[in-house]
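# Observations on chain architecture
Here are the chains, one letter per residue:
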Amino acid sequence: AFPVAVPRPRPILRLDRLHLTPIRAAAARTPVPQPLPDELQLVADVRSPHNHIRVADVSPRAAGHPLAGARLLLLDGPGNIHSVSFPRRPYCPLTSTYFDVFATLPPLLPRPSLAVLGFGAGSAARALLHFYPDISVHGWELDPSVIAVARDFFSLAELEKDHAGRLVIHVGDALEAEAVPGGFGGVLVDLFANGSVLPELQKADTWRQIGGMVAPGGRMMVNCGGGCVEAEEEGRDGEAVKDATLRAMAAAFGEGMVAVLSVDESWVAMTAPVAWASEEAAAWKARLPPELGHYIDMWNPYNGNGDK
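Report follows, based on the coordinates. (Residues numbered from 1 in each chain as written. Predicted model: local features only at pLDDT ≥ 70, side-chain atom pairs only at ≥ 80, totals over all residues. Heavy atoms only, no water.)

## A few points about the environment of G195
Here is the rule we go by: Helix and strand labels come from DSSP, where a helix needs a run of H or I of at least four residues and a strand needs a run of E of at least two; each type is numbered from the N terminus.
Following the sequence through the fold, G195 ends up in the loop between β9 (192-193) and β10 (196-197). Between the C-alpha atom of G195 and that of H82, which follows or precedes it by 113 residues, the distance is 10.0 Å.

## Some points on the sheet that holds strand β2 (residues 52-58)
Spelled out, the test is: Pairing between strands is defined by DSSP: at least two bridges between them are needed. The convention used is that axes are lines fitted to C-alpha atoms, helices contributing only their stretch in contact, and that angles between N-to-C directions extend from 0 to 180 degrees.
Spatial strand order, β1-β2-β3-β4: 4 strands in an open sheet with antiparallel pairing. One side of each edge strand has no neighbouring strand; the edge strands of this open sheet are β1 (40-47) and β4 (80-85). Going from strand to strand, the sheet's axes swing by 25° on average, the running direction of each strand aside.

## What about the packing of aromatic side chains?
Formally: Centres within 6.5 Å are what make two rings of Phe, Tyr or Trp a pair, Trp counting through its six-membered ring; a difference in plane orientation under 30 degrees is then read as stacked, over 60 as edge-to-face, and the rest as tilted. Each residue is assigned to one of three classes by its accessible area relative to the maximum for its type, calculated with a 1.4 Å probe on protein chains only: buried under 20%, partly exposed between the two thresholds, exposed over 50%.
What the rule picks out here adds up to 3 aromatic pairs. Relative to F184, the ring of W140 lies with its centre 6.2 Å away and its plane at 90°, an arrangement referred to as edge-to-face. A residue pair is termed long-range when its members are at least 10 positions apart, and W140 in strand β6 (residues 136-141) and F184 in strand β8 (residues 184-189) qualify at 44 residues. Comparing W140 with F184 shows no difference in burial state: the two are buried.

## What to know about the sheet that holds strand β11 (residues 214-225)
Pairing within the open sheet is mixed, and its 8 strands lie in the order β7-β6-β5-β8-β11-β13-β12-β14. Every interior strand has two partners, whereas the edge strands, β7 (167-171) and β14 (300-301), have only one. In this sheet, strand β13 (residues 266-271) lies alongside strand β12 (residues 258-263) in antiparallel orientation, the contact comprising 6 bridges. Note on β13: the bridge partner recorded for L261 is V268.

## Observations concerning the packing of helix α5 (residues 204-211) against helix α6 (residues 238-253)
For clarity, the cut-off: For classification purposes, angles smaller than 35 degrees are called roughly parallel, those larger than 145 roughly antiparallel, those between 65 and 115 roughly perpendicular, and all remaining angles oblique. The sense of a crossing depends on the near helix, which, turned anticlockwise from the far helix by less than a right angle, makes the crossing left-handed and, turned clockwise, makes it right-handed. Contacts are assigned to residue pairs with any non-hydrogen atoms lying within 4.5 Å of each other. Polarity classes work like this: nonpolar for Ala, Val, Leu, Ile, Met, Phe, Trp, Tyr, Cys and Pro, charged for Asp, Glu, Lys and Arg, and polar for all others, with Gly in that last group.
Look at α5 against α6: their axes get within 8 Å of each other, and the N-to-C directions meet at 60°. Regarding the angle of α5 to α6, the classification is oblique. Between α5 and α6 lies a crossing of right-handed hand. Facing A204, W207, R208 and G211 of α5, the residues of α6 in contact are T245, A248, M249, A251, A252 and F253. In terms of residue class, the contact of α5 with α6 is built from 7 nonpolar, 2 polar and 1 charged.

## Focus on the pairing of β4
Extensive coverage of β4 is indicated by the burial of 6 of its 6 residues. Sheet topology places strand β3 (residues 71-75) next to β4; 5 bridges connect them, and they run antiparallel. Paired with L74 across the strands is I81, a residue of β4.

## Quick look at the pattern of salt bridges
Short version of the rule: When a carboxyl oxygen of Asp or Glu is within 4 Å of a side-chain nitrogen of Lys or Arg, the pair counts as a salt bridge.
Scanning all chains against the criterion turns up 6 salt bridges. Salt-bridge contacts for D243 lead to K242; the nearest nitrogen and oxygen are separated by 3.0 Å. Of the two residues, D243 and K242, neither departs from the other in class, the shared state being buried. Connected through shared salt-bridge partners, E239, K242 and D243 make up one network.

## Considering the nonpolar core
Put simply, the test is: As used here, the term nonpolar core means buried Ala, Val, Leu, Ile, Met, Phe, Trp, Tyr and Cys residues forming a set that is joined through side-chain atoms within 4.5 Å. Either an automatic procedure or a domain database provided the assignment from which the domain bounds are taken.
Ranked by size, the top nonpolar core spans 50 residues in total, and within it L73, L167, L188, M221 and W299 carry the most contacts. Both domain 1 (40-85) and domain 2 (98-301) contribute no fewer than three residues apiece to this core. In this view, M221 contacts V101, F102, T104, L105, V187, L188, V189, A269, M270, W284 and W299; residues no more than four positions away in its chain are not counted. In this structure, L117, L191, V197 and W267 belong to the second largest nonpolar core, which totals 33 residues.

## Quick look at unusual backbone geometry
The phi dihedral of S96 falls on the positive side, at around 60°, and the residue is not glycine. By secondary structure assignment, the location of S96 is in the loop between β4 and α1 (98-102). Residue S96 is classed as buried on the basis of its relative accessible area of 11%. The backbone phi angle of S155 is positive, close to 60°, even though this residue is not glycine. Of note, S155 is situated in the loop between α3 (144-153) and α4 (156-162).

What follows is the structure in structure tokens.
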């Protein structure tokens, strides 16, 4: 893999160890949420029918930690991190997490439009709108309270104002999302519940349904979780769920049509032929911001076992 140009958080999943766990929306709640570690300052605490939502700031004095100075959206009992922003550097939307991998997709798409299934507080959308001035983003989020918190504490209202006409947010079930006429150029999938990838995403039929939202020649990128994910439900092992999700994708899209990479044990998958010619990879990298180019060399064909 190409060396990483920016520091990344180590693959930790619990708040007491300040790990980054990339997850989205939850349904059932753990009775007693995990307390925040000393490095985090609670900014907001909201309960909705879907989530226990907490917003917390990482101390800028958390020496050497790549999330120092970050604002985090925490959902579910274990306090998994669903969105990241750095208010002290609004000019840079990069987070040193899997959200940055999502921002490499647009140069491969047949049209400049993306659906984000599992919007959270908008970390992926912020990077996409920053780097690609022609792109339009439609985001789906189940919980209206998450969107309200994002507008109040993650500058989502300003993002919507600055990109009026390019950013559309839908509150509702992402698995019932409808495509724009002709389909989206691409779809980003970041759907979790109770600290685990949605069970529906371990079914090939679900992936065929989502694939119907994509225009001919388009692609999907997917957060498949992994061992870094802490589920609320006993028995939902993050590594096993990741493997089952990848097997379902391979069953839906065919042999050789799924690629994977790992960002500190958080797995991202992409639907695509994986045997890129060197000139194709070079052309993709040339169309990316320099900070993102190293991710292109990290992709590997999915071999059926969840490993590269």
